[in-house]
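# Structural features, examined
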Amino acid sequence: MSAERTLILVKPDGVSRGLVGEVIGRLERKGLTLVALELRTLERSVAETHYGEHASKPFFGELVDFITSGPLVALVAEGPRAVEASRGLIGATDPVKAAPGSLRGDYALEIGQNLVHGSDSPESAKREIDLFFPGLS
Ligand code: RTP
Ligand code: MG
């Protein structure tokens with residue numbers, strides 16, 4: 001079985017709403033394995049690096065404000081095609097359009113507070129894991 005790793009964040013809205021267990025449970029029940037897990041509040045510089053691809057977007061300031069607004073849970077999950085598998089569990093970026101049954105489809109309404117992040121490609125996963133858990137990618 002070829003293993004791939006991905007970075008998942010339970011965003012501050014997920015932590016404050018008590019949905020950490022729900023997110024982790026779905027990842028585990030899908031068959032993904034946790035290989036790192038940490039509760040932390042991000043420095044702005046880390047958030048700006050993590051979301052660097054969006055630096056020129058009009059929502060960038062709000063995105064960084066939100067992701068640094070309180071503790072989040074960062075984790076690395078591993079399994080076959082872990083990036084694609086976890087993006088499927090998370091659902092579309094806009095929670096109103098996310099399929100019911102996905103995490104965003106079931107638990108979120110606003111694009112700016114959409115509960116969970118998952119790396120969008122193996123290359124992004126490597127970059128993001130190196131940022132959050134150096135040496136683990
Ligand atoms: P994420 O990186 O957080 O997992 O989300 P994603 O891949 O589904 O979406 P992405 O395009 O990477 O956008 C990152 C986050 O920016 C916020 N966003 N707001 N107002 C808007 O039009 C808008 N577009 C994106 C969302 O919170 C999204 O998760
Ligand atoms: Mg993204």
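What counts, and where the lines are drawn
The residue count restarts for each chain, going from 1 along the sequence in the order it is written. Labels follow written order: the first chain is A, the first ligand is 1, and so on. Where totals are concerned, whole chains, interfaces and linings use all residues; where local detail is concerned, this predicted model gives features only for residues with pLDDT of at least 70, and gives and counts side-chain atom pairs only at 80 or more. Any residue whose C-beta atom, as placed from the backbone, lies within 6 Å of a molecule or strand is termed near it. Just so you know the grouping, Ala, Val, Leu, Ile, Met, Phe, Trp, Tyr, Cys and Pro go in nonpolar, Asp, Glu, Lys and Arg go in charged, and all remaining residues, Gly too, go in polar. Counts of 20 or more other C-beta atoms within 10 Å of a residue's own C-beta define buried residues, counts of 12 or fewer define exposed ones, and intermediate counts define partly exposed ones; C-beta atoms are placed from the backbone. What counts as a helix is a DSSP run of H or I of at least four residues, what counts as a strand is a run of E of at least two, and both are numbered from the N terminus. When DSSP locates at least two bridges between a pair of strands, those strands are taken to pair. The term nonpolar core refers to a group of buried residues, namely Ala, Val, Leu, Ile, Met, Phe, Trp, Tyr and Cys, whose C-beta atoms join them within 7 Å. Once C-beta atoms have been placed from the backbone, residue pairs whose C-beta atoms lie within 7 Å are recorded as contacts. Where helices are involved, their axes are fitted lines through C-alpha atoms of the stretch in contact, as for all axes, and angles between N-to-C directions lie from 0 to 180°. UniProt positions are given in the numbering used here, feature names are shortened, and annotations may be inferred rather than shown by experiment.

## So, the site of ligand 1
- As a structural note, the neighbourhood of ligand 1 is formed by His54, Phe59, Leu63, Thr93, Ile111, Gly112, Asn114, His117, Gly118 and Asp120.
- Among the residues making up the shell around ligand 1, the classes are represented as three nonpolar, six polar and one charged.

## Regarding the pairing of strand β1 (residues 4-10)
- Of all seven residues making up β1, six are buried, and the element is well covered by its neighbours.
- Of the pairings in the sheet, the one linking β1 to strand β3 (residues 72-79) comprises seven bridges and is antiparallel in character. Among the inter-strand pairings, Arg5 is bridged to a residue of β3, identified as Glu78.
- Note that β1 and strand β4 (residues 116-118) share three bridges and pair antiparallel. Residue Leu9 lies in a different strand from β4, and its bridge partner there is His117.

## Some thoughts on the nonpolar core
- Formed by 28 residues in total, the largest nonpolar core has its most connected members in Leu7, Leu9 and Val116.
- Within the residue set of this core, elements represented by two or more residues are β1, α2 (20-30), α4 (60-67), β3, α5 (82-90) and α7 (122-132).
- Of the residues forming this core, the biggest block, six residues, is contributed by β3.
- When neighbours within four sequence positions are excluded, Leu9 is seen to be in contact with Leu72, Val73, Ala74, Val116 and His117.

## Here we look at the sheet that holds strand β2 (residues 33-40)
- The strand order across the open sheet formed by four strands is β2-β3-β1-β4, and the pairing between neighbours is antiparallel. Here the strands that pair on one side only, and so sit at the sheet edges, are β2 and β4. Shown here is a sheet whose adjacent strand axes are inclined to one another by a mean of 15°, direction ignored.
- With respect to the sheet, α5 is in contact with β1, β3 and β4, its orientation differing from that of β1 by roughly 30°.

## Some thoughts on the pairing of β3
- Burial runs high along β3: seven of the eight residues are buried.
- Bridging between β2 and β3 involves seven bridges; their strand directions are antiparallel. By the bridge assignment for β3, Glu38 is matched with Ala74.

## Brief notes about the environment of Phe60
- With respect to the helices and strands, Phe60 occurs in helix α4.
- With 75 residues separating them along the chain, Phe60 and Gly135 place their C-alpha atoms 28 Å apart.
- Sequence-distant contacts of Phe60, that is, excluding residues within four places in its chain, are made with His54 and Ala55.

## Structural notes on the UniProt feature "domain: Nucleoside diphosphate kinase-like" (unreviewed entry) in the protein
- Here the UniProt feature "domain: Nucleoside diphosphate kinase-like" (unreviewed entry) sits at residues 3-137.
- Structurally, residues 3-137 is divided into 41% helix and 19% strand, and its ends, taken at the C-alpha atoms, are 11 Å apart.

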